[in-house]
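Notes for the structure review
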Amino acid sequence: MSNENMAELLFPDVTQLPADIYSLYPPRNLSSSALVTRFAPSPTGSLNIGGLYATLISERLAHQSNGVFFLRIEDTDKKREIEGSIENIISSLLYFGIHFDEGPLLSGDDKGAYGPYKQSSRIQIYKVFIKHLVRNGLAYPCFCDTDDLQKIRISQQNLKVTTGYYGRWAKHRDISFQQAKEEISNGKPFVIRLKSPGSSDRRITYHDLVKGPIELPENDQDIVIMKTDGLPTYHFAHAIDDYLMGTTHVIRGDEWLSSVPIHIQLFETLGFRIPEYGHIAPIMKQVGNSKRKFSKRKDLDGTAEYYKEQGYPGMAISEYFMNLINSDFEEWRMTNPDKSFREFIIHTHKMNASGALLDMNKLHDISKDVISRLTGNQVFDHLYTWSKEFDSELYTLIDRNKEYTLNILNIGRTMEKPRKDYSKWSDVLPMIAFFYDELFEKDVLSGYKLPTNVSLDVAKEIVLGFCKTYRFNNEKEAWFHEIKELAGELGFAKDMKQYKANPNNYKGHVGDVAMVIRVALTNRTNTPDLFDIMKVMGEKRVFERMQRLILS
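Residues numbered from 1 in each chain as written. Predicted model: local features only at pLDDT ≥ 70, side-chain atom pairs only at ≥ 80, totals over all residues. Heavy atoms only, no water.

Brief notes about empty space enclosed by the protein
Once rolled over the atoms, a probe with the size of a water molecule shows which space is left empty. To keep it simple, the criterion reads: Every definition here rests on a 1 Å grid over the protein atoms only: cavities are sets of points where a 1.4 Å probe fits but cannot get out, pockets are open sets enclosed by protein on both sides within 12 Å along at least five of seven lines, and lining residues have some atom within 4 Å of a point. Grid points are joined across faces, edges and corners, and a volume is the space filled by probe spheres set on the points. Side-chain classes are defined by residue name, with Ala, Val, Leu, Ile, Met, Phe, Trp, Tyr, Cys and Pro counting as nonpolar, Asp, Glu, Lys and Arg as charged, and the others, Gly among them, as polar.
Scanning the entire structure with this criterion turns up one cavity of 30 Å³ or more. The volume enclosed by the largest cavity comes to roughly 40 Å³. Around the largest cavity, the lining residues are Tyr53, Ile280, Ala281, Met351, Asn352, Ser354, Gly355 and Ala356. Looking at side-chain class alone, the lining of the largest cavity contains five nonpolar, three polar and no charged residues.

Quick word on the packing of aromatic side chains
Let me state the cut-off plainly: Aromatic pairs are defined between Phe, Tyr and Trp rings, using the six-membered ring for Trp, whenever the two ring centres lie within 6.5 Å; interplanar angles under 30 degrees are classed as stacked, those over 60 as edge-to-face, and all others as tilted. To qualify as a helix, a DSSP run of H or I must reach at least 4 residues; to qualify as a strand, a run of E must reach at least 2; elements of each kind are numbered from the N terminus. Only protein chains enter the area calculation, which uses a 1.4 Å probe; residues under 20% of their type maximum are buried, those over 50% are exposed, and those in between are partly exposed.
Within the structure shown, the criterion is met by 27 aromatic pairs. Aromatic pair Trp479 and Phe531: ring centres 5.5 Å apart, planes at 55°, arrangement tilted. With Trp479 in helix H20 (residues 476-489) and Phe531 in helix H23 (residues 530-537), this pair connects stretches of sequence that are 52 residues apart. This pair shows no difference in class: Trp479 is buried, exactly as Phe531 is. A network of ring pairs unites the aromatic residues Tyr22, Phe129, Tyr243, Phe267 and Phe272 as a single cluster.

A closer look at the packing of helix H19 (residues 456-469) against helix H22 (residues 510-522)
Geometry of a packed helix pair, given as the angle between the helix axes and the separation of the axes. Test applied: Angles here are taken between N-to-C directions and fall from 0 to 180 degrees, while the axes themselves are lines fitted to C-alpha atoms, restricted in helices to the stretch in contact. Every angle not falling under 35 degrees, over 145, or within 65 to 115 is termed oblique; those three ranges are roughly parallel, roughly antiparallel and roughly perpendicular. For this analysis, residues touch if any pair of their heavy atoms sits within 4.5 Å.
Relative to each other, H19 and H22 sit at 85°, their axes nearing to 10 Å. In terms of their interaxial angle, H19 and H22 are classed as roughly perpendicular. On the side of H19, the interface is formed by Ala459, Ile462, Val463 and Phe466, while H22 contributes Val513, Val516, Ile517 and Ala520. Of the residues belonging to the contact of H19 with H22, the class tally is eight nonpolar, no polar and no charged.

With respect to the UniProt feature "binding site: Zn(2+)" (unreviewed entry) in the protein chain
Put simply, the rule is: UniProt positions are given in the numbering used here, feature names are shortened, and annotations may be inferred rather than shown by experiment.
When the UniProt feature table is mapped onto this chain, "binding site: Zn(2+)" (unreviewed entry) is found at Cys142, Cys144, His172 and Asp174. Over a stretch of 33 residues, the named residues converge on one spot in the fold, their C-alpha atoms separated by at most 13.4 Å. On the basis of relative accessibility, which here comes to 13%, the residue Cys144 falls in the buried class. In contact with Cys144, other than residues within four places in its own chain, are Leu149, Tyr165, Lys171 and His172. Mapped onto the fold, His172 is located in the loop between helix H6 (146-159) and helix H7 (177-185). By relative accessible area, which is 9% here, His172 ends up buried. The residues contacting His172, other than those within four sequence positions of it, are Tyr140, Pro141, Cys142, Phe143, Cys144 and Tyr165.

Notes on the sheet that holds strand E5 (residues 139-142)
As a reminder, the rule being used: Pairing between two strands is assigned when DSSP locates at least 2 bridges connecting them.
Spatial ordering of the open sheet is given by E5-E6-E9, a layout of three strands whose pairing is antiparallel. Edge positions in the sheet fall to E5 and strand E9 (224-226), since each of these pairs with one other strand and no more. When strand polarity is set aside, the average angle formed by the axes of neighbouring strands in this sheet is 45°. In this structure, E5 lies alongside strand E6 (residues 191-194), joined through four bridges in antiparallel fashion.

Below is the structure:
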């Protein structure tokens, strides 16, 4: 009866019972093989690259098993919350193609029948279960302040025993109803602690999805499950939520490995089924000859936002992560070049238990492959959306010249052997800037980048000759024939074999002549196919640019 009185003393306004809550969260109607996974970040900043990696694993495990993947925001620590963080997390997931079935939306609404999906909106639910534990003698109020806890710690250190709030050091473990009532009437703040049944002398064994069998000491600490402000701790809230939301598998960083005994104890004390846990090592960064973890403070490239701003396609990041998740993905990709990475089945026991290295060169290569498989229209749409947010100059150009830009992006975009120019959207403008007259005009103000063996006067002679013979509607073979003839007329060898046999007899070779035309059009020495460039630029622009070099 004293436990019942204690529960009413501490939570007089909580009238619901756990059974009332269970009725609101019925078991999910899923097959026995379907997994329910989640991503449960705290809104304390931008989504980091490690969180994105873990989230992709969780999403894949759920969806490849025809299960459910949901997003839950763990926002009970309001002091650490950063404004805009929730929106950043949601938009980042959407950008990288990680779609959740349930969770908070950018509109502020929730989708799904197991919400609310923000812990700050679930406080009353947690209190129902905390009151239930107090009622059953499994939790109690603790009125120790900072000084009390410090005195306990000093005594423990002097005796060289484990520090913490446990066993005989748990000052209020057996507090009476009358004592608690008196403390409360005196306005003394309190927390609620779990009365741990554990002992540090005993060990638990559990099977980690990634690391395999692991043995850890039992938790003997009377952990705080509700803080003085009435909000639950992470440990307690996540146990309630994962049970009610039907979570079956949890993928998280291995910094949480030491918390497994606490979490298992919480689930067992509450009478809940324990989800399966998989702990992954952090993604590593190469710095010189050594590897280290990404730093939140030092590494801008440690956030998902960085890769979005740089313009890496979301699907490219996901594709790259699949290589880190399971090493046999690369072999699968080679035999299934046209399939979505989502058709690959991942296995947690095949995951790298040590930290995977983020190889930027590999990411670039994969990103180029991904972009090369897109149609011109798809590239344009991605580029348009990205530049609208991150590159106003590019956005203005392509918004003003939509059809022209689409034609530019289609150069070399053949299914047989597509060009692999771009690894990210921020690469595009520097590579296609010469197509746009205003940027070309600005570039040539500092002079033309002619071959070293061709003077400006000779270049003008080549361009004049080209203008006389160029016919826009000529096929490529006829066009190149005219270039060769022009080369011969101006003292250049018509082909490389001829030039190599007697280099002193010529001003250069046909490649030099083509290069001058290329420079006149683009002021570049390395571009896509010259004939294709002229077709996209159109006859008028081609002649205008030739005339500009002649008059320079």
